[in-house]
Amino acid sequence: MRFINRHPGPGGRWLLALLPLILLLLAYGIGSSLRLAENPDDKLLPGATQMVDAVAQLAFSEDPRTGEVLLWTDTAASLTRLLLGIAISALVGLCLGIAAGVFPILGASLSPFLAVLSMVPPLAILPILFIVFGLDELSKVMLIVIGITPLLARDLEQRAREIPSELFVKALTLGANSWTLVLRVVLPPLLSRLLLSLRLLLGAAWLFLISAEAISATAGLGYRIFLVRRYMSMDVILPYVVWITLLAWAMDWGLRWLNRRCFPWSQGSMK
């Protein structure tokens, strides 16, 4: 059998999925052991015990200065900003995508504008956002909105234009008006595509959030990482990075589950 036709079984699929992670952990363990054997005070590659102690202190002990449990306070602050930014982006992107992809007179204006807007590096305008919206929560949320909304809108616009024209003709022949056409013909496939697009843009949303928190914040996962970097506290930074990754994976899984649950007919959901 040719290699291209070989498929892993259920057990082999799990093993192959975990293999890169196992190799990464093995390489880190070997590197950490060698560095700590040479210098027990080395901070670059802390051992598992050091990271477990740091996580236990951050997750289960109150900070003596603020009286808060830092890990959960940071997590709550970051998720609030992230989910608010994603929700606004989803709503605005869906409306713009429908307007540009379904109505030619609106698309003639919106489509070029969205194309130009999507090319603007969001991090380049971060200082402008701080000047306009201040250093509080709004500027961080707006960075996420400005960063992913144009990409969402353009993707949904393209998906709307891929809907077969026969469906529009049939709906109009049956007496549907523009509002009914959008609700019955356009909205269902675009909602499924919206969930898929959000999955693809989760990494970018986290990037914008961490960047904003690193510059101006008093709590948040990105704030904590950049706060302890000056002390080279890798025993804190690495668990925080792993925690962010787990949160992002959980959000991705939730969006995938929601897509399958609400739109089982959709063929656009990633596995």
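The sections below set out a description of the structure shown in this document.

Scoring rules and cut-offs
- Residues numbered from 1 in each chain as written.
- Predicted model: local features only at pLDDT ≥ 70, side-chain atom pairs only at ≥ 80, totals over all residues.
- Heavy atoms only, no water.
- Helix = DSSP H or I, 4+ residues; strand = E, 2+ residues; numbered from the N terminus.
- Rg over C-alpha atoms; globule rule 2.2 N^0.38 Å.
- Buried < 20%, exposed > 50% of the residue type's maximum accessible area, 1.4 Å probe, protein only.
- Contact = heavy atoms within 4.5 Å.
- Areas by Shrake-Rupley, 256 points an atom, 1.4 Å probe, with all protein chains shown as cover.
- Lys, Arg positive; Asp, Glu negative; His and termini not counted.
- Charge placed at Lys NZ, Arg CZ, Asp CG, Glu CD.
- Expected span 1.5 Å × (residues − 1).
- Bend = angle between axes of the 7 residues up to and from the residue.
- Axes fitted to C-alpha atoms, helices over the stretch in contact; angles between N-to-C directions.
- Parallel < 35°, antiparallel > 145°, perpendicular 65-115°, else oblique.
- Left-handed = near helix turned anticlockwise from the far one by under 90°.
- 1 Å grid on protein atoms, 1.4 Å probe; cavity = no way out; pocket = protein on both sides within 12 Å on 5 of 7 lines; lining within 4 Å.
- Points joined across faces, edges and corners; volume = space filled by probe spheres on them.
- Nonpolar A, V, L, I, M, F, W, Y, C, P; charged D, E, K, R; others polar.
- Core = buried A, V, L, I, M, F, W, Y, C linked by side-chain atoms within 4.5 Å.

**A few points about the overall build of the protein chain**
Scanning the protein chain for helices and strands turns up 10 helices and 0 strands. Over its C-alpha atoms the protein chain spans a radius of gyration of 23 Å, topping by over 25% the 18 Å that the globule rule assigns to 271 residues. When the backbone C-alpha atoms are referred to their principal axes, the protein chain occupies close to 75 × 65 × 30 Å. Buried positions account for 40% of the 271 residues belonging to the protein chain. Counted over contacts in the protein chain with a minimum sequence separation of 6, partners at least 24 positions apart contribute 69%. About 16,400 Å² of surface is accessible on the protein chain, with carbon and sulfur atoms providing 69% of the total. Both charge centroids of the protein chain, one from 22 positive and one from 17 negative side chains, sit 14 Å from each other.

**Thoughts on helix α6 (residues 137–161)**
In this model, α6 (25 residues) spans 36 Å end to end at C-alpha, consistent with the 36 Å of a helix rising 1.5 Å per residue. The sharpest bend along α6 reaches about 30° and sits at Ile-148, with the proline Pro-150 one to four residues further on.

**Looking at the packing of helix α8 (residues 178–215) against helix α9 (residues 221–228)**
It is the contact of α8 with α9, at a shortest axis distance of 7 Å, that shows an interaxial angle of 55°. The angle between the axes of α8 and α9 places the two elements in the oblique class. In this structure, α8 meets α9 at a crossing whose hand is right-handed. Contacts between α8 and α9 involve Trp-206, Ile-210, Glu-213 and Ala-214 from the first element and Leu-221, Gly-222, Tyr-223 and Phe-226 from the second.

**Comments concerning the layout of surface pockets**
Taken as a whole, the largest pocket holds about 750 Å³ of empty space. Lining the largest pocket we find 22 residues, and of these Leu-21, Leu-25, Leu-238, Val-242 and Leu-246 sit closest to its centre. Counting only elements with at least two residues in the lining of the largest pocket, the list comes to α1 (10–38), α2 (48–60), α3 (70–102) and α10 (234–262). At 9 residues, α10 tops the list of elements feeding residues into the lining of the largest pocket. For the lining of the largest pocket, the per-class residue count stands at 20 nonpolar, no polar and 2 charged. Residue lining of the second largest pocket: 14 residues in total, with Gln-57, Leu-58, Asp-63, Leu-70 and Arg-224 positioned closest to the centre. Those elements that provide at least two residues to the lining of the second largest pocket are α2 and α9. In terms of residues, the lining of the second largest pocket owes the most to one element, α9, which gives 4 residues.

**A closer look at the nonpolar core**
Core analysis: the largest hydrophobic core is formed by 51 residues, its most contacted members being Leu-82, Ile-86, Leu-190 and Trp-206. Looking at this core, the element that brings in the most residues is α8, giving 16 residues. Leaving out residues up to four positions away in the same chain, Leu-190 has contacts with Leu-94, Ile-98, Leu-156, Arg-159, Ala-160 and Ile-163. Ranked by size, the runner-up nonpolar core spans 5 residues in total, among them Ala-99, Ala-100, Leu-110 and Leu-114.

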